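# Commentary on secondary and tertiary structure
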Amino acid sequence: MNSVKIVPGIRFKIDQEPYIILKLLDGSIIQVLNEGYQKTELLKKSEMIKMLSEGRLEFEVKGKNIRPSEEGSFSTKYKEDFLEAVDRKDEAIFRIKVIKPLLKCRTSRKDISNRVDEINQLFDNPRRAEEVLGTSFIKKVSVPSVYRWIAMYRESGGDIRSLIPGYKNSGGLGKSRIHSKTFDFIRESIQEVYLQQQRITIEELHYIIIAKVADFNEYRKEHDKLKLPAYSTLARIISRIPEFELVSSRKSPRDAEVSYEPLGSGVKVEYPLERVEMDATIIDLNVIFADGTYKERPYFVPALDKKTRNILGFSLGFGGVGWPEVSQCLYHVLSDKSYVKEKYPFIINEWNAFGVPGSIVVDNGLEFKNIPMKDACYQLGVGLEFAPPRTPEWKGSIERFFGTSATNFIQLIPGTTRSNPRQLAQGEKPKEVPGIPFNIFIGLLHKWIIDVYTQDLNKGAGGIPAKIWEKLTDDYPVDWPNSTHELPILLGRIKERTITNQGIELKILHYNSNELNHILKKFSKDNRGAENKFTVKYDPQNLGYIYLFDHLFNREWIKVPCTSPEYANGLSEWEHDEARKLSMKELGQVDIISLAKAKVFLRQQNELWTSKNNQGKAAKLNSNQEIFGESTKALNDREVKIDYRLPEIPECHENEYLNVSDVGTEIGTTENLPPLPVSIRIIEMDGEAKSINRKGKRSEKKTNARTQTNVEKPSILRNSSDLDELTTEDLFGFEVIKR
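Here the structure is a predicted model, which is why all the values come from computation and not from measurement.

What follows covers the sheet that holds strand β2 (residues 11–14). Strand pairing within a sheet occurs via backbone hydrogen bonds; the two strands may be parallel or antiparallel. On the basis of which strands lie adjacent, the open sheet formed by 5 strands has the order β5-β4-β3-β2-β6 and antiparallel pairing. With partners counted over all chains shown, the strands left at the sheet margins are β5 (39–44) and β6 (57–59), one partner each. Within the sheet, the average angular offset between the axes of one strand and its neighbour, ignoring direction, is 35°. With 5 bridges joining them, strand β3 (residues 17–24) and strand β4 (residues 29–34) adopt antiparallel strand pairing. The residue of β4 that forms the bridge with isoleucine 20 is leucine 33. Where helix α1 (residues 45–53) meets the sheet, its contacts fall on β2, β4, β5 and β6, and the angle it forms with β5 comes to roughly 85°.

Our next topic: the packing of helix α6 (residues 180–194) against helix α8 (residues 231–239). Helix-helix packing is described using two parameters, namely the angle between the two axes and the distance between the axes. Interaxial distance between α6 and α8 falls to 12 Å at its minimum, and their mutual angle equals 60°. The angle between the axes of α6 and α8 places the two elements in the oblique class. For the pair α6 and α8, the sense of crossing is right-handed. Of the residues in α8, those touching α6 at Phe183, Ile186, Ile190 and Tyr194 are Leu234, Ile237 and Ile238. Tallied by class, the residues present in the contact of α6 with α8 amount to 7 nonpolar, no polar and no charged.

One pass over the full model with this rule turns up 27 salt bridges. With a closest N to O distance of 3.9 Å, lysine 306 and glutamate 277 form a salt bridge. Taken together, the residues lysine 306 in the loop between β11 (299–305) and β12 (311–317) and glutamate 277 in strand β7 (residues 276–278) connect sequence positions 29 residues apart. Neither residue differs from the other here; lysine 306 and glutamate 277 are each classed as buried. Across the pair lysine 507 and glutamate 573 runs a salt bridge whose closest N-O atoms are separated by 3.2 Å. One end of the pair, lysine 507, is in the loop between β18 (504–506) and β19 (509–511); the other, glutamate 573, is in helix α20 (residues 573–587), and 66 residues separate them in sequence. Accessibility expressed as a relative area gives 9% for glutamate 573, which makes it buried. Among the charged side chains, a network of salt bridges with common partners joins Glu325, Arg493, Lys507, Glu573 and Asp577.

For the structure shown, the criterion picks out 22 aromatic pairs. Considering the side-chain rings of phenylalanine 12 and tyrosine 19, the 5.5 Å spacing of their centres and the 10° angle between planes classify their relative orientation as stacked. There is no split in this pair, since phenylalanine 12 and tyrosine 19 are both buried. Each member of the aromatic cluster is reached from another via a ring pair, and the members are Phe300, Phe314, Trp351, Phe401, Phe402, Phe409, Phe441, Trp448 and Tyr453. When the ring centre of phenylalanine 386 is taken as reference, the NZ or CZ atom of lysine 369 above it lies at 5.0 Å. In this structure, lysine 559 is placed above the aromatic ring of tyrosine 545, and the distance from its NZ or CZ to the ring centre is 4.1 Å.

Phe12, Met278, Leu316, Phe401, Phe441, Trp480 and Leu491 are the most contacted members of the largest nonpolar core, which totals 77 residues. Element by element, the count of residues in this core is highest for helix α15 (residues 438–452), at 10 residues.

Attention now moves to the sheet that holds strand β17 (residues 493–497). An order of β17-β20-β21-β22 is seen for the 4 strands of this open sheet, with the pairing classed as antiparallel. Every interior strand has two partners, whereas the edge strands, β17 and β22 (556–561), have only one. Taking each pair of neighbouring strands and ignoring which way they run, the sheet shows an average axis angle of 30°. Running over the sheet, helix α18 (residues 514–521) touches β20 (534–539), β21 (542–550) and β22 and is turned about 120° from β22.

Alignment of β4 against β5, held across 6 bridges, turns out to be antiparallel. Bridging across to β5, isoleucine 29 finds its partner in lysine 44.

On the secondary structure map, phenylalanine 441 appears in helix α15. Each C-alpha atom of the pair phenylalanine 441 and isoleucine 288 lies 9.7 Å from the other, and the pair is 153 residues apart in sequence. Discounting residues that sit within four places of it in the chain, phenylalanine 441 has contacts with Ile283, Leu285, Leu316, Phe409, Ile410, Ile413 and Ile436.

Calculation criteria
Residues numbered from 1 in each chain as written. Predicted model: local features only at pLDDT ≥ 70, side-chain atom pairs only at ≥ 80, totals over all residues. Heavy atoms only, no water. Pairing = 2+ DSSP bridges. Helix = DSSP H or I, 4+ residues; strand = E, 2+ residues; numbered from the N terminus. Axes fitted to C-alpha atoms, helices over the stretch in contact; angles between N-to-C directions. Contact = heavy atoms within 4.5 Å. Parallel < 35°, antiparallel > 145°, perpendicular 65-115°, else oblique. Left-handed = near helix turned anticlockwise from the far one by under 90°. Nonpolar A, V, L, I, M, F, W, Y, C, P; charged D, E, K, R; others polar. Salt bridge = Lys/Arg side-chain N within 4 Å of Asp/Glu carboxyl O. Buried < 20%, exposed > 50% of the residue type's maximum accessible area, 1.4 Å probe, protein only. Phe/Tyr/Trp six-rings, centres within 6.5 Å; stacked < 30°, edge-to-face > 60°. Lys NZ or Arg CZ within 6 Å of the ring centre and 35° of its normal. Core = buried A, V, L, I, M, F, W, Y, C linked by side-chain atoms within 4.5 Å.

Dropping the structure here:
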């Protein structure tokens, strides 16, 4: 995937209709020509971004390896994927390393000849070649070859797929390829044995891996046995490990620091997205889910633009940080954010951060230093830089953002654990404070980022991040991805599944289509299709469809929809997991109907905040002081209890199944927030209150008689300015007990 600059002459397709850009008008309007009807049209940039995110808009691709297009049209896809070209990916990387110094300016034949001589001199010294080029692959080159590579790369707009060698077919039958299980053995052995201070040799490591593969093959059929990896293959994989990591693991971190001096000053940038910093941290806050269970301290992965200090995207997760969380942050950076206005109408400002980064700076954590991360950056055309250890100034902007978010937002929410236990006041016990519901926290985080952080003065940026972004992106237009079809495949979560006549099962949901059924009908004893596990990728923010890689027949990705679209479309993996928990707990069964009922239960929480009368107060929360200032003390001194009710389910006649919409899944489709942070706990309908102890278990106690009074839900007063005067009627849907 390459980036595209929006300039006159660029061609694209909207719903397969060809267009060409004629002129950029006032910065937000683009004049285009419909080539099919020869009709001039005006399009807004915001409309084009939305169509790009929906997959309706695709830009033209040029150069080598593109898919043939219809006669008289142009192509928008490559016929070969960089990630699948395993046996030729190294050579494509080598080619781009060779021509990179020649791309910065106009070059003469003498410049190219000198570069060819330089590369050919490195051929006899592989160790020196790896130091200079950063890749273990090396071969002799010629002047015509370098000329051809430069032309192909420039014609494609800077897409590395144009440099993939075409002398072999990717992964065809009979071609040698290391099995993924063999790669697992190699990676495990390198981590467990080679990267230790015993400093074993590569030869000894090779014998260890051979023994593991032999044990694995012992009870497998002859045709199903793994091929033993060659010594040269193992040496090539180890040669890709950074020298700093080798010295640090096999000797000591101190030796690594002495060998590699860190940079002592920050990096200067000139325009937006030139340098994007990404990191992960744990949030000092207890959160709670709809079924009352605690999930302590979620992990937060944001991406920040170095030049403007604008937040480009983020992701949240539990139980640690890995590639799934990092990939979702990247997906958020490259996605349209118009969902904010629809999902959180109380947010005042727009979140216009969007585009392809020039380079991403990360630390040396395994969540960033992995093959999927590197492959994604290569295909996106994004540079990946690893910050030297113990050099916080290398990505100081994101580190400062973590400090700001902790002190000005996280630690002001009830239930915070503080960043240091010594900061807790005497008698302050975070686990005994009711945690904030996770979906409410996500909305608060959006509110703080969009209406507080990006709208406040940032000394590092020299102004207000949102305004700086708006001005500089007019002067330096950001690059767009040429298509969003590949993003779920490139950045989605990976599973392996078999195909049956019911399609594919994933998290008790089923996916099927005519294309998938055609694959099933081609299964035979010869190709062993029924026993094959197919690679499946899915977007954790939308379980409405998955992508399957057909490695047996057409070697391409196909999109497969869910057989229950009313339930799955737009449903996140987290919401689905929570619905499954509730259906098991409340309804005792796991099927689509019970999941729909559980989904109603989750959405019911948000009904308290969807009233238009509430939005008047919520809209006032546009500064840190108004959200978490001293004026909220009167409200925080009150105890608020929410009565969650499950709507009645319509009765069904015999052999008649409810449609998902019949059980209320369309109720409360937006997630609005309370006007102020309050402490919340769930009470049952039978008059018994259940509190949550430290271990996350429920203990029953009698509810005070006055909590049983049914209170109608009047509108919140729009003009209430003094929070000390708030009464029960001011709180929509709440019963208030003043201590």
